[in-house]
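Take a look at the letters that make up each chain.
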Amino acid sequence: MKPFICLFFATIAFAQEQPDPCQSKRKVAEDIKYCDRYYKCVGGAVVSKDCPNGLVFTGSIKGAKSLVDECDYPWRDDYCEGKQLANPPISTEHCDWLYGIFGHESSCTRYWTCWNGTATEQFCIGGLLYNEDTHACDWPQNVEGCQKHPLCREDPNGNVPLGKSCNRYWSCQGGYPRLQRCPATLVFDRETLRCVNPPTADCEAPPPTTAAPEEEEFEEEEEEEEEN
Ligand SMILES: *[C@@H]1O[C@H](CO)[C@@H](O)[C@H](O)[C@H]1NC(C)=O
């Protein structure tokens, strides 16, 4: 009985063969063991290729978009399910791998994007925090270890002025900031931290129709973020 079982499993193991890229339409084929390696058919010959460090081969997933060559961030899909990595990480300052998106060492609202080992600092805006699981900015309640936004550190249920804005402000609810706007005829008073009848020390009535340059920029970014 035992030799029979061994033979049975051996047959299954050999049944999955390395696909030949020269037999495929796109002239690329996955490596059946490593998700960061693939094969290309170049002039009729099979050439082994490794993805840029930190990326993995996408070709076997239908409709997958590649970031560099035939490769993508590993967390974007099940690229590595049942597979291993052929290459260890190559790290540089702020980058665990040469390519990737990584958390900030000391801030919940910042993160790093790494391209060939060069890190660029990025910022989450609009009260969002960097989520290590999705590699994107996210609502604070979805971000483990960073539940409370620094904006709401002083008073988890208080209001916080937004830059020089006369009608927009942050409303902290249990440590989570939410962008708010005062009712049309009111302005935000930074002394009492409430919407009040104008004028206040900083804001005249009616609220200015043209925003200060910084504020305008902020609002644009805010909207961009909300679209994502
Ligand atoms: C990545 O950086 C190295 C040196 O830091 C450089 O030699 C190489 O050409 C770069 N590769 C790409 C694809 O930019």
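Please read these numbers as outputs of a predicted model, since none were measured by experiment.

About the thresholds
- Residues numbered from 1 in each chain as written.
- Predicted model: local features only at pLDDT ≥ 70, side-chain atom pairs only at ≥ 80, totals over all residues.
- Heavy atoms only, no water.
- Helix = DSSP H or I, 4+ residues; strand = E, 2+ residues; numbered from the N terminus.
- Contact = heavy atoms within 4.5 Å.
- Areas by Shrake-Rupley, 256 points an atom, 1.4 Å probe, with all protein chains shown as cover.
- Buried < 20%, exposed > 50% of the residue type's maximum accessible area, 1.4 Å probe, protein only.
- Pairing = 2+ DSSP bridges.
- Salt bridge = Lys/Arg side-chain N within 4 Å of Asp/Glu carboxyl O.
- pLDDT = per-residue confidence, 0-100.

Caption draft 1: Geometry of the overall build of the chain. Each helix and strand in the chain was counted, giving two helices and 15 strands. For the chain, restricting intrachain contacts to residue pairs at least 6 apart in sequence, the fraction spanning at least 24 positions comes to 30%. Accessible surface computed for the chain: about 14,500 Å², of which carbon and sulfur atoms make up 51%.

Caption draft 2: Main features of the environment of Trp115. Along the polypeptide, Trp115 turns up in strand E7 (residues 110–115). Of the residues examined, Trp115 reaches a relative accessible area of 44% and is grouped as partly exposed. C-alpha of Trp115 to C-alpha of Asn53: the two residues are 62 residues apart in sequence and 9.8 Å apart in space. Setting aside chain neighbours within four positions, we find Trp115 in contact with Leu67, Val68, Tyr73, Leu98 and Tyr99.

Caption draft 3: The arrangement of the pairing of strand E13 (residues 176–181) in detail. Inspection of the sheet shows strand E12 (residues 168–173) paired to E13 by six bridges, in the antiparallel sense. Residue pairing for E13: Tyr169 is matched across the bridge by Gln180. Hairpin connection of E12 to E13: two residues between the antiparallel strands, including Gly174 at a positive phi of 60 degrees.

Caption draft 4: Broad picture of the pattern of salt bridges. Evaluation of the coordinates by the stated rule reveals six salt bridges. Between Glu30 and Lys83 there is a salt bridge; the shortest N-O distance is 2.6 Å. One end of the pair, Glu30, is in strand E1 (residues 28–30); the other, Lys83, is in the loop between strand E5 (71–72) and strand E6 (100–103), and 53 residues separate them in sequence. With a shortest N-O distance of 2.7 Å, Arg37 and Asp50 are connected by a salt bridge.

Caption draft 5: Inspection of the confidence of the model for the chain at higher detail. On average, residues of the chain carry a pLDDT of 81, and 79% of them reach 70 or more. Mean pLDDT values over the elements of the chain span from 36, in helix H2 (residues 213–227), up to 96, in strand E8 (residues 118–123). The low-confidence segment residues 1–15 (pLDDT under 50) makes zero contacts with residues lying over four places distant or belonging to another chain.

Caption draft 6: Focus on the environment of Asp69. Its place among the elements puts Asp69 in the loop between strand E4 (56–57) and E5. When the C-alpha atoms of Asp69 and Cys51 are compared, they prove to be 7.6 Å apart, with 18 residues separating the residues in sequence. When near neighbours in sequence (up to four residues on either side) are disregarded, Asp69 contacts Tyr38 and Pro52.

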